[in-house]
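Each chain, written out:
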Amino acid sequence: MRILIGLAVLLVLLVLAVIGAGVYFRSVSMPAETWHVDPATVTPPASPNYELRLGDRAPVFDAAPDVMAARIDAVATAEGAVLIGGAVAEGHMTYVVRSRLMGYPDAISVKLVPVAQGTRVEIYSRARFGYSDMGVNAARVDRWISRARGMTSP
């Protein structure tokens, strides 16, 4: 009987810890002064919990920066991203996306650079917590680029 009570107490403590962690991660602050950065000026972390697209790795679109800003914003907000820094009109935005289950926050900074062919979209997507993101940020960047490329209007 003691073993069953001990297991029940352990299970209750585990459930409370998971709930507490979920509340913490969903409510942790993501201040713009820390997370709103220019992708071209960042120093990537040593951990593999980010995706950075610059230079030749950054996609180029045959649309003006203001059109691309509207497209990226539409894609981001459709996924539940919240703008925390910059402005769509400036072509430099930072969003926060939280995971569905635990609410882990990721910050995604986007800077639109005019080029002869149209607009280069520089993106830095990174996890706030953890060492590895299991490819989540790279998948998000690929998805946002693909969806923005498929749009014909903002």
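Treat the numbers as computed from the prediction; the structure is a model and nothing was measured. (Residues numbered from 1 in each chain as written. Predicted model: local features only at pLDDT ≥ 70, side-chain atom pairs only at ≥ 80, totals over all residues. Heavy atoms only, no water.)

A. Spotlight on the packing of aromatic side chains. Evaluated as defined, the whole model comprises three aromatic pairs. Measuring from ring centre to ring centre gives 6.2 Å for Tyr-50 and Tyr-124, while their planes differ by 65 degrees; the resulting arrangement is edge-to-face. Highlighted residues: Tyr-50 in strand S1 (residues 50-53) and Tyr-124 in strand S6 (residues 118-127), separated in sequence by 74 residues. With relative accessibility at 7%, the residue Tyr-124 sits in the buried group. On the numbers, 5.9 Å between centres and 90 degrees between planes, the contact of Tyr-95 with Trp-144 is edge-to-face. Taken together, the positions of Tyr-95 in strand S4 (residues 92-98) and Trp-144 in helix H4 (residues 136-150) put the pair 49 residues apart, joining distant regions of the chain. Here the two residues Tyr-95 and Trp-144 agree in accessibility, since each one is buried. Geometry around Phe-61 places Arg-149 over its ring, the cationic atom sitting 4.2 Å from the centre. (Phe/Tyr/Trp six-rings, centres within 6.5 Å; stacked < 30°, edge-to-face > 60°. Helix = DSSP H or I, 4+ residues; strand = E, 2+ residues; numbered from the N terminus. Buried < 20%, exposed > 50% of the residue type's maximum accessible area, 1.4 Å probe, protein only. Lys NZ or Arg CZ within 6 Å of the ring centre and 35° of its normal.)

B. The side chain of Ser-125, seen in detail. Inspection of the secondary structure assignment puts Ser-125 in strand S6. On the basis of relative accessible area, Ser-125 is assigned to the buried category, the value being 0%. A polar contact is formed between the side chain of Ser-125 and the side chain of Asn-137, at a distance of 2.5 Å. For Ser-125, the contacting residues outside a window of four places in its chain are Asn-49, Tyr-50, Glu-51, Ala-107, Ile-108, Asn-137, Arg-140 and Val-141. (Polar contact = N/O pair within 3.5 Å; in protein donor to acceptor, adjacent residues only side chain to side chain. Contact = heavy atoms within 4.5 Å.)

C. Spotlight on the layout of surface pockets. Space inside the largest pocket adds up to approximately 460 Å³. Elements represented by at least two residues in the lining of the largest pocket include exactly S4, strand S5 (105-115) and H4. When residues in the lining of the largest pocket are grouped by element, the largest group, three residues, is from H4. Among the residues making up the lining of the largest pocket, the classes are represented as seven nonpolar, three polar and eight charged. (1 Å grid on protein atoms, 1.4 Å probe; cavity = no way out; pocket = protein on both sides within 12 Å on 5 of 7 lines; lining within 4 Å. Points joined across faces, edges and corners; volume = space filled by probe spheres on them. Nonpolar A, V, L, I, M, F, W, Y, C, P; charged D, E, K, R; others polar.)

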